[in-house]
Amino acid sequence: MADISILCPTGHLGFTPLEPASFHAGCALKPDFVIADSGSCDIGPYPLGADGQASPAAWQRHDLEIMLLAARRMGVPMIIGSASDTGTDRGVRQFAEIIEEVARDHGLAPFRMATIFSELTREQVLARMSAGAVVQGLDGRADADVAQIARTDRIVAVMGAEPIAAALRQGADVVIAGRASDCALFAAPLLNAGLSPATAYFAGKLMECASFCCEPFMGKESILGRIAEDDIRVTAMHPGQRCTPMSLASHAMYERRDPFREYVASGHVDMTHVRYEQWDEKTARAAGARFVTSEQPMVKLEGAGKVGERRLAIVGIRDPYTIENIDKAMDWARARLAERFGAPEESDWTVYYHAYGRDGVMGALEPTPPLHPHELGIVVEVVCQDGKRAEEICALAARNLFYARLKDVKGTAGAAALMSDEVLVGKPGYEWTLNHIIPVSDTMELFRTEFVTVDSSARKAA
Amino acid sequence: MRNVARLRDLASTIRSKNAGVDHITFDVIFRDRANFERVRDAGVLSRAKVAMLYNIPESRVTDFVVFEPANAIKFTIRRVRPSGSPGEKDVFGAQQYAPLFDVEV
């Protein structure tokens, strides 16, 4: 069987613009598929919970346009997953609209587009729970109860390769998928070509972050994978990058707890016995993955819920005595806030003082906070259901540092420098409420696929 | 002091990053196989040692793996709150590795 080749230009479409030169170098090698993931949980819970996007629309269009024009010119399918950062229904529709817009702007010949939706309502999840499904917690979380679902504003189910593979079999030239396992986007066409799930999902795992699996470190550069059964060869497309056994292996363990297992809806890839070798100057080869099919397919659910409105203020401190006693100053400030607004745990407000210059980056994980930092920058963060109240609490939380009463302070005109006496409106605070899995009888059942023919000439005539 | 090196001098990559929304994972990768074996065999990185370094109970170190194919030592710690929650300081978990630099080998 001939190799299947896949070109991947970016590990998070739209997050920063992809680099066209190495992508076009990859296109010159005539790939069979052009594939990129657009989602990540790294951006925090806000975009999912509030159903917004983390990437500017202009960059999303930039990446989609470059990929679509190349894919249509070459006549090969293009697959995009986790549309618009989160893979909500809004994200899928938004990307579908961009595709239609690009097709119209460039007068592209008609093609078939599949959109695959993966959002679930709270009611759908609750109905499954009532019917006996246990929504199991991942990563040490408790199983979800009704209250946990109620605290969740938005839920997406994470698809495996099956819905995408089905859309391709039904003739989709472009697939815009909701939330999907990154590796599933790559696995879908490989499974359709008859490759094993082990090869298909493992190839996806290696390729999903594009040039991150090559060296030296560069983002947003293209890579080309050539895949046959148990034979995955990944090549760097940027002239200054190589794919090596080390770079490929170190990517296989990237941003995961367990470097040996990758879970998808239908089972997991076992990478324990994978072997890596240098194939040519810019290419590394991997083989030896296994796939363990689950008796009970489980689909991952991601959910985010609002905690409250957020306000921020920034203050600086230079007085060495105040810096030395900053914890006392913060305690004093907190006590005064509690006097006015009630105990935080009973009165729906929370204040966080982030002390940059001491432990603002690591908090309690910081093993060596400096005893005598030269100056401190303190970001005051307040969360409260009511925005007006959050603003008032935040203003006082900042000014209380200014008025902090420390016994031997010499500067009696103000204990803090207010960069500007203002309270900044932060995005509302959200929390990841669901990092769970739910049993399904069919890995397709939570996902809905729609087809449309994108015909720019018809639109123009209309 | 004879033959003492610091991890920063032996490892080619020392990084931290989210592993899902509830964990931060740390990778220490060695370009040089001998350096990898030296650190691996010295036992200066272990579940107990990293728990002590970050001043957390050992139970929060959920994973500790020697990953031979990448000449790497990898461990994972559980966050107190999920990434990006109010009060959290590092939404990507990308700046938590610095204390590893000065680990003596």
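Please read these numbers as outputs of a predicted model, since none were measured by experiment.

So, how was this worked out
- Residues numbered from 1 in each chain as written.
- Chains lettered and ligands numbered in written order.
- Predicted model: local features only at pLDDT ≥ 70, side-chain atom pairs only at ≥ 80, totals over all residues.
- Helix = DSSP H or I, 4+ residues; strand = E, 2+ residues; numbered from the N terminus.
- Rg over C-alpha atoms; globule rule 2.2 N^0.38 Å.
- Buried ≥ 20, exposed ≤ 12 C-beta atoms within 10 Å, placed from the backbone.
- Contact = placed C-beta atoms within 7 Å.
- Pairing = 2+ DSSP bridges.
- Axes fitted to C-alpha atoms, helices over the stretch in contact; angles between N-to-C directions.
- Expected span 1.5 Å × (residues − 1).
- Nonpolar A, V, L, I, M, F, W, Y, C, P; charged D, E, K, R; others polar.

Enquirer: So what exactly am I meant to see when it comes to the overall build of chain B here?
Expert: Broken down by element type, chain B carries three helices and four strands. Walking chain B from its N terminus toward its C terminus, one meets helices and strands in the order α-β-β-α-α-β-β. Expected size for 105 residues packed as a compact globule is a radius of gyration near 13 Å; at 14 Å, chain B falls within 12% of this value. Along the first, second and third principal axes, the C-alpha atoms of chain B reach 45 × 25 × 20 Å.

Enquirer: Can you walk me through the environment of Ile393(A) in this structure?
Expert: Residue and element names in this part refer to chain A. Position of isoleucine 393 among the secondary structure elements: in helix H13 (residues 387–402). Its 25 C-beta neighbours within 10 Å are what place isoleucine 393 among the buried residues. For the pair isoleucine 393 and glycine 11, spaced 382 residues apart in sequence, the C-alpha separation works out to 40 Å. Leave out the neighbours within four places in its chain, and isoleucine 393 touches Leu337, Phe341, Trp349, Val351, Val382 and Cys384.

Enquirer: It is not clear to me how the sheet that holds strand E4 (residues 111–117) of chain A should be interpreted in this structure. Could you clarify?
Expert: Whether parallel or antiparallel, the strands of a sheet pair through hydrogen bonds between backbone atoms. Residue and element names in this part refer to chain A. Here we have 10 strands laid out as an open sheet, ordered E13-E14-E10-E9-E1-E2-E3-E8-E4-E21, and mixed in their pairing. In this open sheet, the two strands that pair with only one neighbour each are strand E13 (275–280) and strand E21 (448–454). For this sheet the average axis-to-axis angle between neighbouring strands, irrespective of direction, equals 25°. Pairing of E4 with strand E8 (residues 174–177) involves four bridges; the strand directions are parallel. Across the sheet, the residue bridging to threonine 115 is isoleucine 176, located in E8. Against the sheet, helix H4 (residues 89–106) engages strand E3 (78–85), E4, E8 and E21, with an angle of about 130° to E3. In the packing of helix H8 (residues 182–192) onto the sheet, contacts are made with strand E1 (4–8), strand E2 (33–39), E3 and strand E9 (223–228), and the angle to E2 comes to roughly 160°.

Enquirer: Help me understand H13(A) in this model?
Expert: Residue and element names in this part refer to chain A. A rise of 1.5 Å per residue sets the reference length of H13, with its 16 residues, at 22 Å; its end C-alpha atoms lie 23 Å apart and thus fit the reference within 8%. What H13 keeps buried is the set Ala390, Ile393, Cys394, Leu396, Ala397, Ala398, Asn400 and Leu401. Elements that come into contact with the buried residues of H13 comprise strand E16 (298–317), helix H12 (326–341), strand E17 (349–356), strand E18 (376–384) and strand E19 (417–418).

Enquirer: Would you mind showing me how to read the sheet that holds strand E2 (residues 23–29) of chain B here?
Expert: Residues and elements named next belong to chain B. Read from one edge to the other, the open sheet built from four strands follows the order E1-E2-E4-E3, with strand pairing classed as antiparallel. Each edge of the sheet is formed by a strand with only one pairing partner; in this case those strands are strand E1 (13–18) and strand E3 (61–67). Each neighbouring strand pair of the sheet contributes to a mean axis angle of 15°, computed without reference to strand direction. Pairing of E3 with strand E4 (residues 72–78), which is carried by six bridges, proceeds in the antiparallel orientation. Paired with valine 66 across the two strands is isoleucine 73, which belongs to E4.

Enquirer: Explanation requested: the interface of chain A and chain B in the structure shown.
Expert: Accessible area lost when the parts come together is the quantity often used to give the size of an interface. Listed by partner, the interface residues are 37 residues for chain A and 39 residues for chain B. Secondary-structure elements contributing two or more residues to the side of chain A that touches chain B are helix H10 (245–252), E16, E17, E18 and strand E20 (424–439) of chain A. Taken together, the residues of the side of chain A that touches chain B break down into 18 nonpolar, nine polar and 10 charged.

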